[in-house]
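Architecture at a glance
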Amino acid sequence: MSDGSELDISHIRLGDRPLIVCDVDDVVLQFIDPSQLYLKSLGHEFLPRSFRLHGNIVSLADGLALEDQHVSRLILEFFAAQESWQTPIDPVVSTLERLSGDADILFLTAMPPQFSAHRRRLLDRIGLGFPLLASEQPKGPIVHALHGGRDLPVVFIDDMARNLHSVKEHVADCLLIHLVPNSPVHRFAPTAGADIARARDWLHAAELIDQHLAAHAISRANPAA
Ligand SMILES: [Mg+2]
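The following paragraphs examine the structure supplied in this document. (Residues numbered from 1 in each chain as written. Predicted model: local features only at pLDDT ≥ 70, side-chain atom pairs only at ≥ 80, totals over all residues. Heavy atoms only, no water.)

1. A short note on the coordination of the magnesium ion
The cut-off we apply is this: Each metal's donors are the N, O and S atoms within 2.8 Å of it, or within 3.2 Å when it is Na, K or Ca, and because water is not part of the set, sites may look incomplete. Throughout, exposure labels follow a simple rule: accessible area from a 1.4 Å probe, protein chains only, divided by the maximum for the residue type, with under 20% read as buried, over 50% as exposed, and the rest as partly exposed.
Taken together, the protein ligands of the magnesium ion are D23 (OD), D25 (O) and D159 (OD), with distances of 2.1 to 2.2 Å. Positions of the donor residues of the magnesium ion, expressed as sequence spacing, correspond to D-x1-D-x133-D. Exposure remark for D25: the relative accessible area of 12% places this residue in the buried category.

What follows is the structure in structure tokens.
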């Protein structure tokens, strides 16, 4: 890659089969609940008053909001400590294991890349050995670079509307799945476009993926249909 700020994807090898790109925080690994426990262990509390951490983390001692710089530092410290706090969202492990029989699975996490090794160890430990890319760049161009113009199904799953919209803009015919945890803060999350599927949970997401892969297999077998 010519620009050092771009993500290096040259080590990712895709098979001649569908691709499922999956966000990690609050989709594969619990984020909001463990981060709340982490903050409380430090004498702070997250108040879900809007869909952001900055301005909403307060000191348990005096109820005052922490400075933005302090919040930014806590987020980085949580990523460094993630192996002690984050757990999988059931039943993601068995669901992705089954789907990996038909498709390549790839994790695309919007996390500072310096914590990739921590996340890699955590995912490996819980049985999710699929490739991982960590980048804070928009996700659409990354999925486009991975999938290109392959005539194969591609699926993207995320809890953030802006990531789904970015992929929609850059990747044609991608099945977009909005998988949102049932948490107080996610009630404030921006909604995704009407043409983006919303999944209740991983079982529902898997149903949508199965349907998408089956429809593509039928249209490939009957190109005139
Ligand atoms: Mg997420």
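2. Describing helix α3 (residues 92-99)
Operational definition: Numbering of helices and strands starts at the N terminus; helices are DSSP runs of H or I of at least 4 residues and strands are runs of E of at least 2. Working definition: the arc comes from the directions between the helix axis and the C-beta atoms, pointing outward to the latter. In what follows, a contact means two residues having at least one pair of non-hydrogen atoms within 4.5 Å.
Along α3, the positions that sit buried rather than exposed are V92, T95, L96 and L99. Within α3, the buried residues cover an arc of 90 degrees as seen down the axis, which keeps them to one side. Against the buried residues of α3 lie β1 (19-22), β4 (104-109) and α7 (202-221).

3. Considerations on the pattern of salt bridges
Keep this limit in mind: Definition used for salt bridges: Asp or Glu carboxyl oxygen within 4 Å of a side-chain nitrogen of Lys or Arg.
Per the stated rule, a full pass over the model turns up 10 salt bridges. With a closest N to O distance of 3.8 Å, R73 and E77 form a salt bridge. One end of the pair is R73 and the other is E77, both in helix α2 (residues 68-80) and four residues apart, which spans about a single turn. Here R73 falls in the partly exposed class, since its relative accessible area comes to 46%. You can call E77 partly exposed: its relative accessible area is 35%.

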